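Residues per chain, in single letters:
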Amino acid sequence: MSDFLATNNPCGQNLLQLVATGNAIIAELLRLADFIPPLFKVLNIRDAGKYADIIFDFSYFSKQEYYDDLINNRADLQDLDDEFRENNLTLLTRFYQAFESVQKYGIEFNRYIEDLTNGTYLQQTVESVIANEAGKQLMTEAVYLFGVMLIILDLKYDGAARERMIVSYFRYSGKRNALDSNIDEVGKLLARNDGFSLQPYKRPVGYPENYFRRIGFREDVIGIIIGRLRSDDIYNQKKAYTELEHQTAAYATQASMLYVLLYFYPDVLHNKQAVMREIVDKHFADNWVINLYMGMTVNLIDAWEPYKAAKAALNNTLDIQAVKSRCQMIHDHISKLNKQVEQYLIEGVLIEEYVLKHISTLLKFMKECNICLKWIILHASELPIGADINKRCKQMLQIVTNESQYDPSQVFKLLLNTAQFEFNLKEIVSLLLVEKHDRWIANRKEAVERLIELADVFSGTMPLTRVEKNDNLQSWFRTMAKRIESLDFEDWTSAGRQTNQIMTALDEVQQFHELDTNMQVKQFLNDNKRLLSTMILLNNVQESTISIMDLVADLSYAWIIIDR
């Protein structure tokens, strides 16, 4: 298969564009959420005061003529209506365009799947796209982002407020009879969910799966994507989290996506016990509070309460003794990590030479700090809406805070110290990457020169004390110098192997010919091995090191919590 994201591959480019659009829509929804006019958010429309007679929910469409006549027959209501339109139409237009974008996004995804099925994209099918590395990531993200849009609309925009804004836009925009009007479809998707409310919190039976079902995503396609998430590490994050105990951290991103996708295929949540057990063991083995999107958290105890299979699978994670044991471990880690990170922050400790020699250890330490922080910040913070009235959620929160001896000041201290440690480490690694090539070449040049000097020592032409002429050693050192000179920076696999072989050979000749007896010769050899060792260490610092650091240091899960 040609490169899926190549500019001449419309299948990949269209999906990439769809996902980019999805992220932009979510950003707009989050921005606008803070600017909903208060009049649209009142619980009872009568609380809107004098505007109560000109603000309507979707019941307006069944009695449109009646309400229009009511306003047109009263001069005071006409004036009020004109004033309200003038003051709010610009903002209402922006809200409606955001709502319409959500609906169009869902339609575009359905059309994309239809095109794949119908053979519009030559030699491409749903299965082939999901088998491709970039394809499976984008396909998963496309569905996940739409689910996040719907969740944001219910959490940030009250259902009644959505309806009132859409109706007001319909009345004021002049698009009542426009052929290109999409308002009916937008209204069907974003109509309030009967029985659902945030204040007071109520969750009706079948929510949110019935809400998600409105757009009509094909369950067979969702099933294929879920199957890929079950079996794969779609973002290859196991490369960053190699330790066994870090498995759930490695799968955290796709775990959030899987949580959303399951609502498009609720049969798994309700009835597929073996599948849910597998999903939980892989993605939620030691956590039940997840980051949904940019700091919006979900407590799975509450979210999966209505689903038999999901609830049963999660019970293993919620075993009281296992939770207490993990809490105790987190408490010990916070204390230990705080002491250790303070040592690293002492001036003169985290220097280039130390970073070169211990980059793997430092990265592992960085992972431990971030994994510990993420777990305690998510699981010890106040419960998200809905979970705050769930008895079992409250019980687990109490266990976490008690057993971990939760001290926010110590957690915040570790967070700040870790941030400083990451900054210092990244600064050094970035500098090493910039200078890596030049320093590697300089070390190679110096190593060659020193071996040639050493060869000259054994030629008998240089007046070094008590060094006898030895043609064999002279020839051998010159051969080694040529081998070092032939090392190619671009072909590091071969160069690294050869460098290790040369260092081993230098050790062997030093012992076999008893060269340790001459301090000057010994110093030459030690300096050479140091130069070669630095060349190896320099090549251990890769561009991927920065990528791993960025991945591990991601704090988006605390985007909202951090303010507390």
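A quick note: this is a predicted structure, and the numbers were derived from the prediction, not measured.

Q: Looking at this structure, how should I read the overall build of the protein?
A: Along the protein, the regular secondary structure elements total 24 helices and 2 strands. A globule of 564 residues ought to have a C-alpha radius of gyration of about 24 Å, yet the protein, at 32 Å, is considerably larger. With the C-alpha coordinates of the protein rotated into their principal frame, the extents come out at 115 × 60 × 50 Å. Of the charged side chains in the protein, 61 are positive and 76 negative, and the gap between their average positions amounts to 4 Å.

Q: What is the right way to look at the packing of helix α4 (residues 75–118) against helix α8 (residues 183–190) in this model?
A: Any two packed helices are characterised by how steeply their axes cross, that is the angle between the axes, and by the distance between the axes. One can describe the packing of α4 onto α8 by two numbers: an axis separation of 9 Å at closest approach and a directional angle of 80 degrees. Classified by the angle between their axes, α4 and α8 sit roughly perpendicular to one another. Counted together, Tyr96, Phe99, Glu100, Val102 and Gln103 of α4 and Ile183, Glu185, Val186, Leu189 and Leu190 of α8 form the full contact between these two elements. For the contact of α4 with α8, a count of residues per class yields 7 nonpolar, 1 polar and 2 charged.

Q: Honestly, the domain arrangement of the protein in this entry has me stumped. Any pointers?
A: Note on interface size: it is often stated as the accessible area lost on association of the parts. With domains assigned, the protein is organised as domain 1 (10–130 + 146–192), domain 2 (218–318) and domain 3 (433–545). Of note, the centres of domain 1 and domain 2, computed from C-alpha atoms alone, are 31 Å apart. Across the contact, 14 residues belong to domain 1 and 10 residues belong to domain 2. Between domain 1 and domain 2 lies a buried interface of about 1,100 Å² when both sides are counted; carbon and sulfur atoms form 81% of it. Summed over the three residues of domain 1 that lose the most area to domain 2, namely Ile130, Val148 and Ile151, the buried surface amounts to 39% of that side. Applying the counting criterion to the domain 1 and domain 2 interface returns 0 salt bridges. Listed by contribution, the elements that provide at least two residues to the side of domain 1 that touches domain 2 are α1 (10–32), α4, α5 (126–131) and α6 (133–156).

Q: Honestly, the layout of surface pockets in this entry has me stumped. Any pointers?
A: Space left empty within the atom packing is revealed by a probe, the size of a water molecule, rolled over the atoms. Estimates place the volume of the second largest pocket at around 1,000 Å³. At the level of secondary structure, the elements contributing two or more residues to the lining of the second largest pocket comprise α6, α11 (247–250), α12 (252–261), β1 (289–293), α17 (320–344), α18 (352–380) and α24 (543–552). In terms of residue count, the dominant contributor to the lining of the second largest pocket is α18 (8 residues). Class assignment of the residues belonging to the lining of the second largest pocket gives a composition of 23 nonpolar, 13 polar and 7 charged.

Q: Sorry, what's going on with the nonpolar core here?
A: Across soluble globular proteins, nonpolar side chains have a tendency to be buried as a group. In this structure, Met276 and Trp304 are the most contacted members of the largest nonpolar core, which totals 197 residues. Here this core gets 16 residues from one element, more than from any other, and that element is α18. Discounting residues that sit within four places of it in the chain, Trp304 has contacts with Tyr259, Leu262, Tyr263, Leu269, Met276, Val280, Phe284, Ala310, Lys311 and Leu314.

Q: Which parts of the structure should I look at to understand the environment of Lys50?
A: Here Lys50 shows up in the loop between α2 (38–41) and α3 (64–72). On a C-alpha basis, the gap between Lys50 and Leu80 in space is 8.4 Å, while along the polypeptide they are 30 residues apart.

Q: How should the side chain of Arg326 be read in this particular structure?
A: For Arg326, the position within the fold is in helix α17. Under the relative-accessibility criterion, Arg326 is labelled buried at 17%. Sequence-distant contacts of Arg326, that is, excluding residues within four places in its chain, are made with Asp286 and Trp375.

Q: For this particular structure, what's the right way to read empty space enclosed by the protein?
A: In the structure shown here, the tally under the stated rule is 2 cavities of 30 Å³ or more. As for the largest cavity, its lining consists of 14 residues, and the residues nearest its centre are Val289, Asn299, Leu378, Ser381 and Leu383. Looking at the lining of the largest cavity, the elements with two or more residues in it are β2 (296–299), α18 and α19 (391–403). For the lining of the largest cavity, the leading source of residues is α19, giving 3 residues. Of the residues that constitute the lining of the largest cavity, the class distribution is 9 nonpolar, 4 polar and 1 charged. A volume near 40 Å³ is recorded for the second largest cavity. What lines the second largest cavity is simply Leu300, Ile301, Trp304, Glu305, Lys311, Leu314, Asn315, Leu318 and Arg392. Where the lining of the second largest cavity is concerned, the elements lending two or more residues are α15 (300–303) and α16 (308–314). By residue class, the composition of the lining of the second largest cavity is 5 nonpolar, 1 polar and 3 charged.

Q: Hey, could you run me through the packing of aromatic side chains in this one?
A: A ring pair, where both rings are aromatic, is described by two values, the distance of the centres and the angle of the planes. Under the criterion given, the structure shown has 38 aromatic pairs. Considering the side-chain rings of Tyr259 and Tyr263, the 5.1 Å spacing of their centres and the 85 degrees angle between planes classify their relative orientation as edge-to-face. The residues Tyr259 and Tyr263 share a single accessibility class, namely buried. Here the guanidinium or amino end of Lys282 rests over the ring plane of Tyr251, the centre of that ring lying 4.7 Å away.

Q: How should the side chain of His246 be read in this particular structure?
A: Within the secondary structure layout, His246 lies in the loop between α10 (219–231) and α11. Of note is the side chain of His246, whose polar atom sits 3.0 Å from the side chain of Glu243. Setting aside its immediate chain neighbours within four residues, His246 contacts Tyr241, Lys367, Glu368 and Ile371.

Q: Please clarify how the environment of His379 should be interpreted in this entry.
A: Its location among the elements puts His379 in helix α18. A residue is classified by how much of its surface remains accessible, and His379, at 4% relative accessible area, is buried. Distance from His379 to Ala252, taken between C-alpha atoms, is 14 Å for residues 127 residues apart in sequence. A polar contact of 3.1 Å, which involves the side chain of His379, links it to the backbone nitrogen of Trp288. Side-chain polar atoms of His379 contact the backbone oxygen of Trp375, separated by 2.8 Å.

Q: Can you walk me through a nonpolar patch on the surface in this structure?
A: A cluster of nonpolar side chains, namely Phe412, Leu416, Leu555 and Ile562, defines an oily patch on the protein surface of about 340 Å² accessible area. Mapped onto the elements of the fold, Leu555 is located in the segment after α24.

Q: In this structure, what is going on with the pairing of β2? I would like to understand it.
A: The side chains of a regular strand alternate, first on one face of the sheet and then on the other. Judged from the 4 bridges that link them, β1 and β2 form a sheet pairing that is antiparallel. Counterpart to Tyr293 in the pairing with β2 is Met296. Connecting the antiparallel pair β1 and β2 is a turn made up of 2 residues, with Met294 showing a positive phi of about 45 degrees.

Q: What am I meant to see in the pattern of salt bridges here?
A: Any two side chains of opposite charge can pair, so long as their charged atoms come close to each other. The final tally for this structure, using the stated rule, is 26 salt bridges. Here Asp53 ties to Arg46 by a salt bridge, and the two come within 3.5 Å at their closest N and O atoms. A salt bridge links Arg74 to Asp76, with the nearest nitrogen and oxygen atoms 2.9 Å apart. The exposure class assigned to Asp76 is partly exposed, which follows from its relative accessible area of 45%. Salt bridges sharing partners connect three or more residues here, namely Glu28, Arg31 and Arg94.

So, how was this worked out
Residue positions are given per chain, counted from 1 along the sequence in the order it is written. Local features are withheld for residues below a pLDDT of 70 in this predicted model, meaning they are given only at 70 or higher, and side-chain atom pairs are given and counted only at 80 or more; totals for whole chains, interfaces and linings count all residues. Hydrogens and waters are ignored; side-chain quantities use all the structure's heavy atoms. Secondary structure elements follow DSSP: runs of H or I of four or more residues count as helices, runs of E of two or more count as strands, with numbering from the N terminus. When we talk radius of gyration, it's over C-alpha atoms, and the globule rule is simply 2.2 Å times the number of residues to the 0.38. Counted as positive: Lys and Arg. Counted as negative: Asp and Glu, with His and the chain ends omitted from the count. Just so you know, the charge point we use is NZ for Lys, CZ for Arg, CG for Asp and CD for Glu. Structural elements are reduced to axes, namely lines fitted to C-alpha atoms, with helices fitted over the stretch in contact, and the angle between N-to-C directions of any two is expressed from 0 to 180 degrees. If an angle is under 35 degrees, it is roughly parallel; if it is over 145, roughly antiparallel; if it lies from 65 to 115, roughly perpendicular; otherwise it is oblique. Residue contacts are counted whenever heavy atoms from the two residues lie within 4.5 Å of one another. When residues are grouped by polarity, Ala, Val, Leu, Ile, Met, Phe, Trp, Tyr, Cys and Pro land in nonpolar, Asp, Glu, Lys and Arg in charged, and all others, Gly among them, in polar. Domain boundaries shown here were taken from an automatic or database domain assignment. The buried area of a pairing is the accessible area, by a 1.4 Å probe, that goes missing from both parts when the two are put together, added over both. A carboxyl oxygen of Asp or Glu within 4 Å of a side-chain nitrogen of Lys or Arg is what we treat as a salt bridge. For cavity detection a 1 Å grid was placed over the protein atoms alone, and a set of points counts as a cavity when a 1.4 Å probe fits there but cannot get out; an open set counts as a pocket when protein lies on both sides within 12 Å along at least five of seven lines, with lining residues being those that have an atom within 4 Å of a point. Grid points are joined across faces, edges and corners, and a volume is the space filled by probe spheres set on the points. For our purposes a nonpolar core is just a set of buried Ala, Val, Leu, Ile, Met, Phe, Trp, Tyr and Cys residues, chained together by side-chain atoms within 4.5 Å. Think of it in three bands: residues with accessible area under 20% of the maximum for their type are buried, residues over 50% are exposed, and the middle band is partly exposed, with areas taken using a 1.4 Å probe on protein chains only. Pairing of aromatic side chains here covers Phe, Tyr and the six-membered ring of Trp, requires ring centres within 6.5 Å, and sorts the geometry by plane angle: under 30 degrees stacked, over 60 edge-to-face, intermediate tilted. Look at NZ for Lys and CZ for Arg. If either is within 6 Å of the ring centre and within 35 degrees of the ring normal, a charge sits over the ring. Counted as a polar contact is a pair of N or O atoms within 3.5 Å, where, for protein atoms, one must be capable of donating a hydrogen and the other of accepting one, and residues adjacent in sequence contribute only when both atoms are in side chains. Patches here are clusters of residues that have more than 30% relative accessible area and form no salt bridge, with a 9 Å joining cutoff for like charges and a 5 Å cutoff for nonpolar side chains (Val, Leu, Ile, Met, Phe, Trp, Tyr). Throughout, the Shrake-Rupley method with a 1.4 Å probe supplies accessible areas, and for residues the shown protein chains are the sole cover considered. Pairing between strands is defined by DSSP: at least two bridges between them are needed.

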